[in-house]
Amino acid sequence: MGRQRRPGSLEAVPAYLDHAATTPLRPEALDAMVEVLSHGPGNPSGSHAAARQAKRWLEEARDTVADCLGCEPREVVFTGGGTEADNMAVRGAPARRPGAVVCGATEHHAVLRCTEALGGRTIPVDADGLVTPEAVVATLRALRPADVAVVSVMLVNNEVGTIQPLDEVAQAVRSTAPEALVHTDAVQAVPWLDVGERARQADLVSVSAHKFGGPQGVGALVVRGRADVAPLLLGGGQERGHRSGTQNVAGIVGMAAALRRATADRAELVPRLGRLRHRLVDGILASVPQAHETGRRDTKVAGIAHLRFHGIESEELLFLLDEAGVHASAGSSCASGATEASHVLQAMGLAGPQPHGSVRFSLGWTTTDADVDLALAAVTGVVRRLRRAA
Amino acid sequence: MSRVLVAMSGGVDSSVAAALVRDAGHDVVGATMKLWGGDSDSGCCSVSDVEDARRVAQQLGIDHHVFNFTDDFERDVVDPYVDAHARGRTPNPCVECNRHLKFGRFLRRALHLGFDAIATGHYARIEAVPRGWQLRRAVDPEKDQSYVLSMLGQTELARTLLPLGGLTKPEVRARAAALGLRTAAKPDSQDVCFILGTGGGRTTFLGDRIPLTPGRVVTRRGEQVGSVDAIELVTVGQRRGLSAGGGEKRFALDVDVVSGTVVVGPEHDLLVSEVRVTDMTWTQEALSPGTAVEIQCSAHAAPLPATWHPGRAVAADVPLRRVAPGQSVVVYRGDVVAGAGLAI
């Protein structure tokens, strides 16, 4: 691939396997952003030539994003990232049409915390982490279905990689609570799935640029057809009143360029990284005793591997993997950087009193066979060493 | 050169400790223990303290990690603290935190991760002696923290560096300022960290966790002279809230949560000829009976001369003051910690 390895950059990491946290910027995104930043840009809300150029970049990006996500350009609301898009959906829906908020038990905190703050309900998942249509119906029936404002179920889980059966979930919502909006956090889905197709029944869809090779701090919420959500930010009325504040033109252009490339690469990327993931997981399961893969592999995206190691603490495993040049994560961290007990594993019935060190290896567009080789050797060695020390 | 893991709280002391260990030529990594609290940004080990520690580590050019020990802290420090109060004892959570967390869990993790030693920002000195290591008071008597480290044994002392033991607090702050560390002027931590972070003080903290029961205040002759709202909060030796206005000053001599009584009396009734201790630990070998020692019964009390006998310290020249059950009784020989136990 001929990548340049600079110290301090993600690509300088011997084996960067934390793409679900953030994936390296695509060169197309960088070039597009440099182009925009080196020409101003003007404020797209203005009327002079520089403003018109900025507006043109912005709307070209909107067309691209709409094309890749299978929606109309007017349905794309640019945000300051995935968390903002999730907040706009989950908090904005009941602010427009008062009602209860319901979400899956394994949602990202950006959805879960909003749901908690609004006194909402969670839908339990099964042992594989899947939200079943039956569970959706049961949760809605426990409320007054007519009083439900929004049901939020993620397309791909960020810790384990589980793909939710969104069509079935959406149908269950439609048949039980026809007035409720369906939101999906598709932040982890873009590199792996055709989001336009998979989320076609969702009224609201969140994406985040830095999960697919765009810059951090940019995202979008698709607000489809009949859906209406109240804005979180009031002001100049940008983004058709959905999101006031001057748009991050360069970031949005970078997101569009990355999304176009990620979409074009998907057909090649998914099978290639799927093979690498199989090799990594099967290799670990074969060489490390008492290691377990979380969730059924056929229900997960190609790039995420989640493993649990009996008698090992995540923090110690991750520390030593880091030293060995393998960057992974436990899948859930708090703002301080501490590893936290995972609500996802808890919801799947996998959180016990025994230390069961869990590690998420997430692969991405820069991952190579060499990364997998290094990770395999490091995991085997580190687990053996920690078990000896215990 | 050794590999040293420095416990960095985000305060000025551990910041400078990290700098000194680095300057001594060791291969240093910093780590902050997250011990308490969820997302709230107040009190101990808050996100802003972690950010301060991380920024100091960046400024020093060392790696920094966060260890989540909240479950251990709750089990080994907070729960026993609450339980001790419920039984009318006076626990010392800082001592238990050092015993179970800093020099227990943290040290074990450091060794698991391949470090040779840990370092902390405590003010005390660890020195090599012919048969191992000894723990001495800090050079700065104002800051000396040997009392709260008194539970350390040879295993821990051999694996611990205390780089601040020879410095005064102003010297440490000057050092931090010279290095441009953002923690240089940060105030010292006060009181019990997990209560400070919870808001509402000790009464609220304990009241949320155990029932607080009213108690009778009686004299030694059994005459009731007052009452208290929460007997679980009364400490032996306490004066506040026990004296009727204008009358004789009364001190708590005994607290009995079972019968709900606080026995009070004048200050001289607090004086005793010996202090009995349990759960004794020794930094080196146990002292032989009859050894002349000094004992210190709270973090900032003056040490008093005594004679050591197994399970008790007998006053030498001046009588001792009754020690609240649960408090650490630390046995010194000169400025060297010999051992410590808990008052019965």
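What you see is a predicted model, and the numbers here were worked out from it, not measured in a lab.

### Observations regarding the sheet that holds strand S12 (residues 356–362) of chain A
Residue and element names in this part refer to chain A.
Here is step 1 of the chain: Taken in spatial order, the three strands of this open sheet run S9-S10-S12, and their pairing is antiparallel. Among the strands making up the open sheet, the edge pair consists of strand S9 (291–293) and S12. Between one strand and the next, the sheet's axes are offset by a mean angle of 25°, whatever the strand orientation.
Here is step 2 of the chain: Sheet analysis places strand S10 (residues 304–310) next to S12, joined by seven bridges and oriented antiparallel. Residue pairing in the sheet places Arg308 in a bridge with Ser358 of S12.
Here is step 3 of the chain: Strands S9, S10 and S12 of the sheet are contacted by helix H8 (residues 249–287), whose axis makes an angle of about 10° with S10.
Here is step 4 of the chain: Helix H9 (residues 314–323) rests against S10 and S12 of the sheet, and its axis sits at about 45° to S12.

### Considerations on the interface of chain A and chain B
Here is step 1 of the chain: In this assembly, 19 residues from chain A lie in contact with 19 residues from chain B.
Here is step 2 of the chain: Between chain A and chain B lies a buried interface of about 1500 Å² when both sides are counted; carbon and sulfur atoms form 49% of it.
Here is step 3 of the chain: For the pair chain A and chain B, the interface holds five salt bridges.
Here is step 4 of the chain: Across the pair Arg109 of chain B and Glu313 of chain A runs a salt bridge, and its minimum N-O distance is 3.4 Å.

### Considerations on the sheet that holds strand S7 (residues 204–208) of chain A
All names here are of chain A.
Here is step 1 of the chain: A sheet is described by the order of its strands in space; here seven strands give the open sequence S2-S8-S7-S6-S5-S3-S4, paired in mixed fashion. The open sheet has two free edges, formed respectively by strand S2 (76–79) and strand S4 (121–123), since each of these has just one partner strand. The average angle at which neighbouring strand axes cross in this sheet is 20°, direction not considered.
Here is step 2 of the chain: Bridge analysis of strand S3 (residues 100–104) against strand S5 (residues 148–152) gives four bridges, and the strand direction is parallel. Across the sheet, the residue bridging to Val101 is Val150, located in S5.
Here is step 3 of the chain: Contacting S2, S7 and strand S8 (219–223), helix H2 (residues 49–69) crosses the sheet at an angle of about 115° to S2.

### Considering the environment of Arg55 of chain B
Here is step 1 of the chain: Tracing the backbone shows Arg55 of chain B in helix H2 (residues 47–60).
Here is step 2 of the chain: In sequence terms Arg55 of chain B and Gly10 of chain B are 45 residues apart; their C-alpha atoms lie 8.9 Å from each other.

### Some words on the pattern of salt bridges
Here is step 1 of the chain: Taken as a whole and assessed by the stated rule, the structure comprises 54 salt bridges over all chains.
Here is step 2 of the chain: In this structure, Arg220 of chain B engages Asp269 of chain B in a salt bridge whose closest nitrogen and oxygen atoms are separated by 3.6 Å. Linking Arg220 of chain B in the loop between strand S8 (215–219) and strand S9 (224–228) with Asp269 of chain B in the loop between strand S11 (261–265) and strand S12 (271–272), this pair joins segments that are 49 residues apart in sequence.
Here is step 3 of the chain: Judged by relative accessible area, which is 52%, Arg220 of chain B ranks as exposed.
Here is step 4 of the chain: Each of the salt bridges in this network shares a partner with another, and the network as a whole consists of Glu313, Glu315 and Glu316 of chain A together with Asp72, Arg75, Asp76, Arg105 and Arg109 of chain B.

### Observations regarding the packing of aromatic side chains
Working definition: an aromatic ring pair is given by the centre-to-centre distance plus the angle between the planes.
Residues and elements named next belong to chain B.
Here is step 1 of the chain: Counting across every chain of the model gives 11 aromatic pairs over all chains.
Here is step 2 of the chain: Relative to Phe205, the ring of Tyr81 lies with its centre 6.4 Å away and its plane at 65°, an arrangement referred to as edge-to-face. Taken as a pair, Tyr81 in helix H3 (residues 70–86) and Phe205 in helix H8 (residues 201–207) lie far apart in primary sequence, 124 residues in all.
Here is step 3 of the chain: Given the relative accessible area of 4%, Tyr81 is considered buried.
Here is step 4 of the chain: An aromatic cluster of three or more residues is present, and its members are Trp36, Phe73, Tyr81, Phe194 and Phe205.
Here is step 5 of the chain: The ring of Tyr332 carries Arg137 above its face, with NZ or CZ at 3.7 Å from the centroid.

Calculation notes
- Residues numbered from 1 in each chain as written.
- Chains lettered and ligands numbered in written order.
- Predicted model: local features only at pLDDT ≥ 70, side-chain atom pairs only at ≥ 80, totals over all residues.
- Heavy atoms only, no water.
- Pairing = 2+ DSSP bridges.
- Helix = DSSP H or I, 4+ residues; strand = E, 2+ residues; numbered from the N terminus.
- Axes fitted to C-alpha atoms, helices over the stretch in contact; angles between N-to-C directions.
- Contact = heavy atoms within 4.5 Å.
- Buried area = accessible area lost by both parts, 1.4 Å probe.
- Salt bridge = Lys/Arg side-chain N within 4 Å of Asp/Glu carboxyl O.
- Buried < 20%, exposed > 50% of the residue type's maximum accessible area, 1.4 Å probe, protein only.
- Phe/Tyr/Trp six-rings, centres within 6.5 Å; stacked < 30°, edge-to-face > 60°.
- Lys NZ or Arg CZ within 6 Å of the ring centre and 35° of its normal.

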